[in-house]
Amino acid sequence: MATRLPESAFDDRLAAVRDRLADTDADAATWVGATAIEYLTGFHHIQTERPVVLAVTDDRVEITVPRLEVERVEPNPRIDAVHHYFDYPGGEPVSVAVEMLRDLGAETIAADADGPPGVMGYEGPAFSDSVDVRAQAWVDRMRWAKSDAEVDLIRESAKWANLGHRYLADFSEPGAHPATVSQRASTEASRAMLDALGDAYSVRVRGDGPVHAGYISGEETALPHGHTPNERLSEGDVLVTGATANVDGYRSELERAMFVGDYTDEQEHYFELMLEAQTLAIDALGPGVPVAEVDRVVWDYLEEQGVTDLAQHHVGHNIGLGAHEPPYIDRGWDERYDGDDAVMRPGHVYTIEPGLYTDEYGYRHSDTVAITESGTERLTNFPRDIDSNVV
């Protein structure tokens, strides 16, 4: 049972970016992206109008944060010094970060961005106004392949996502409201997860539980990113579900097309086409397989069946600390990447979710599948066949 990343993982990651830094003419590497900062140090924060800037040199790790994050970051054993500004816009976060860099002797930096992102109204100067900047995307690329420890966390997430999904199925019935069913399933699965893991669960949520399970229903399912409608379930409704669990920041993805009561011949037809497309995609996965090829396998099948007009997105995406991460299982992937970057590798963890969307309903399963040295491992295991997905 894996519940948190080992401390050694951060040492390995910092060593890896220091190796990359040593191959440049930069004096320090910087990151302003919240996920990259978390990946390297374990310090996780909500990205707002208050920027956070991480700096790494060959022997130091320092960070600039808003005042309200000081107590949260100071205990972090990987961070040697914490600098802060009071708040934004009264404070000057980039000025404080630049002073931090100067104290580190950094006149040239390798940065993930030329300044903090403009979110929630933040507007600030660029780093290049004060120091020389070289672009880098080291962490983004490192995150493509997960370590065994990271896959263990996603596997644990999938276990609790499966439970949350089971509660969804059990609590759904004609007359139930999808919003309250989703809340109830999420609560019950979160309670079970927290009771089972106890103190081993890493603090990751603010006021809600670690498991989220919910669905859209009715005509909203015809939209891949539809909303939960304000209408109670009826016999004949189609559902498109989603369940995940947060385990030390890592997530899995489990989705199913489901039916309330008996399904029609037409609904069965589209469900079975979707299911076969997903099966073909899962069977096509493996180490060394071109990422784009998996999407082509599905597209060829949909063309053969004459339903490409019902497909609205590619087969899937990598998943981990982010809900969507590259590589993307898309026919265009090999137009952007070649060599090792164009093929699946052990440690890649993909959602496999081809969907079909008619004018009335949508049909989509999603399973989380890890690429291994010898093949694949499906981490989510809720039944996929049609009769197991009737509530």
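Bear in mind that the values here come from a model prediction, so they are computed numbers and not experimental data.

Engineer: Run through the UniProt feature "domain: Creatinase N-terminal" (unreviewed entry) in the protein chain, naming residues and quoting values.
Structural biologist: Within this structure's numbering, the places UniProt gives as "domain: Creatinase N-terminal" (unreviewed entry) are residues 13-143. The straight-line gap between the two end C-alpha atoms of residues 13-143 is 10 Å; of that span, 29% is helix and 21% is strand.

Engineer: Describe the sheet that holds strand E8 (residues 238-245), and please don't skip the residues or the numbers.
Structural biologist: The strand order E7-E8-E9 describes an open sheet built from 3 strands, whose pairing is antiparallel. The sheet is open, and its two borders are formed by strand E7 (211-217) and strand E9 (257-259), each paired with just one other strand. Strand after strand, the sheet turns through a mean of 30° between neighbouring axes, direction not considered. One ladder, built from 3 bridges, connects E8 with E9; its direction is antiparallel. Across the sheet, the residue bridging to valine 238 is phenylalanine 259, located in E9. Across the sheet, helix H7 (residues 178-197) touches E7 and E8, and the angle it forms with E7 is around 160°.

Engineer: Can you explain the nonpolar core? Please cite residues and give values.
Structural biologist: Counting 47 residues, the largest nonpolar core has Val17, Trp31, Leu40, Leu54, Ile63 and Met193 as the members making the most contacts within it. Sequence-distant contacts of tryptophan 31, defined by excluding residues within four places in its chain, comprise Val17, Ala36, Ile37, Leu40, Val52, Val53, Leu54, Val56, Asp112, Gln136, Trp138 and Val139. Val238, Tyr270, Ile329 and Ile352 belong to the second-largest nonpolar core, a separate cluster that totals 35 residues.

Engineer: Requested: an account of empty space enclosed by the protein, with residues and values cited.
Structural biologist: Taken as a whole and assessed by the stated rule, the structure comprises 1 cavity of 30 Å³ or more. Counted as a void, the largest cavity has a volume near 60 Å³. Together, Asp295, Val298, Trp299, Leu302, Ala311, His313, His314, Val315, Arg331, Pro354 and Gly355 line the largest cavity. Among the elements that make up the lining of the largest cavity, the one with the highest residue count is helix H9 (residues 291-305) (4 residues).

Engineer: Outline the packing of helix H1 (residues 7-22) against helix H2 (residues 34-41), listing residues and values.
Structural biologist: The geometry of a pair of packed helices is captured by two quantities: the angle between their axes and the separation between those axes. Axis separation between H1 and H2 bottoms out at 7 Å; the angle between their running directions is 115°. Accordingly, the angle class assigned to the pair H1 and H2 is roughly perpendicular. Listed contacts from H2 to Phe10, Arg13, Leu14 and Val17 of H1 are Glu38, Tyr39, Leu40 and Thr41. Residues of the contact of H1 with H2, tallied by class, amount to 5 nonpolar, 1 polar and 2 charged.

Engineer: Just give me the short version of the side chain of arginine 256, but keep the residues and values in it.
Structural biologist: With respect to the helices and strands, the residue arginine 256 is situated in the loop between E8 and E9. A distance of 3.4 Å separates a polar side-chain atom of arginine 256 from the backbone oxygen of serine 366. Within the structure, arginine 256 has its side chain in polar contact with the backbone oxygen of phenylalanine 382 (distance 2.6 Å).

Engineer: Describe the pattern of salt bridges, naming the residues involved and giving the relevant values.
Structural biologist: With the rule as written, the count across this model stands at 27 salt bridges. Between arginine 191 and glutamate 188 there is a salt bridge; the shortest N-O distance is 2.9 Å. Here arginine 191 and its partner glutamate 188 are both found in helix H7, 3 residues apart, which amounts to about one turn of the helix. According to the relative accessible area criterion, arginine 191 is partly exposed, its value standing at 42%. Residue glutamate 293 is joined to arginine 296 by a salt bridge in which the shortest nitrogen-to-oxygen separation is 3.7 Å. Placement of the pair is glutamate 293 and arginine 296 together in helix H9, with a separation of 3 residues, close to one helical turn. A relative accessible area of 34% places glutamate 293 in the partly exposed class. Note on arginine 296: relative accessible area 26%, which makes it partly exposed.

Engineer: Give me the lowdown on unusual backbone geometry, citing residues and values where you can.
Structural biologist: Proline 89 follows tyrosine 88 through a cis peptide bond whose omega is 15°. Relative to the helices and strands, proline 89 is located in the loop between strand E4 (81-85) and helix H4 (93-103). Note that the residue after proline 326, namely proline 327, is joined by a cis bond; omega there is 0°. Relative to the helices and strands, proline 327 is located in strand E11 (residues 325-329). In the Ramachandran plot, methionine 120 falls in the positive-phi region, its phi being about 55° despite a non-glycine side chain. Of note in this structure, aspartate 248 is not a glycine but carries a positive phi near 50°. Considering the arrangement of structural elements, one finds aspartate 248 in the loop between E8 and E9.

Engineer: Explain the environment of leucine 310 residue by residue, including any values.
Structural biologist: Here leucine 310 shows up in the loop between H9 and strand E10 (316-318). When its relative accessible area of 12% is taken as the criterion, leucine 310 is described as buried. For the pair leucine 310 and leucine 356, spaced 46 residues apart in sequence, the C-alpha to C-alpha distance is 5.0 Å. Leave out the neighbours within four places in its chain, and leucine 310 touches Tyr270, Gly355, Leu356, Tyr357 and Thr358.

Engineer: Go over the sheet that holds strand E5 (residues 108-111), please, and point to the residues and values.
Structural biologist: Here 6 strands make up an open sheet; going across it, the order is E4-E3-E2-E1-E5-E6 and the pairing mixed. Edge strands, defined here as strands with exactly one partner in the open sheet, are E4 and strand E6 (132-135). Between one strand and the next, the sheet's axes are offset by a mean angle of 25°, whatever the strand orientation. As defined by bridge partners, strand E1 (residues 28-31) adjoins strand E2 (residues 53-56) across 3 bridges and the pair is classed as antiparallel. In the sheet register, alanine 29 faces E2, and the bridge partner there is valine 56. Taken strand by strand, H1 contacts E1, E2 and strand E3 (61-66), and its axis lies near 70° from that of E2.

Rules and cut-offs
Residues numbered from 1 in each chain as written. Predicted model: local features only at pLDDT ≥ 70, side-chain atom pairs only at ≥ 80, totals over all residues. Heavy atoms only, no water. UniProt positions renumbered as here; feature names shortened; annotations may be inferred. Helix = DSSP H or I, 4+ residues; strand = E, 2+ residues; numbered from the N terminus. Pairing = 2+ DSSP bridges. Axes fitted to C-alpha atoms, helices over the stretch in contact; angles between N-to-C directions. Contact = heavy atoms within 4.5 Å. Core = buried A, V, L, I, M, F, W, Y, C linked by side-chain atoms within 4.5 Å. Buried < 20%, exposed > 50% of the residue type's maximum accessible area, 1.4 Å probe, protein only. 1 Å grid on protein atoms, 1.4 Å probe; cavity = no way out; pocket = protein on both sides within 12 Å on 5 of 7 lines; lining within 4 Å. Points joined across faces, edges and corners; volume = space filled by probe spheres on them. Parallel < 35°, antiparallel > 145°, perpendicular 65-115°, else oblique. Nonpolar A, V, L, I, M, F, W, Y, C, P; charged D, E, K, R; others polar. Polar contact = N/O pair within 3.5 Å; in protein donor to acceptor, adjacent residues only side chain to side chain. Salt bridge = Lys/Arg side-chain N within 4 Å of Asp/Glu carboxyl O.

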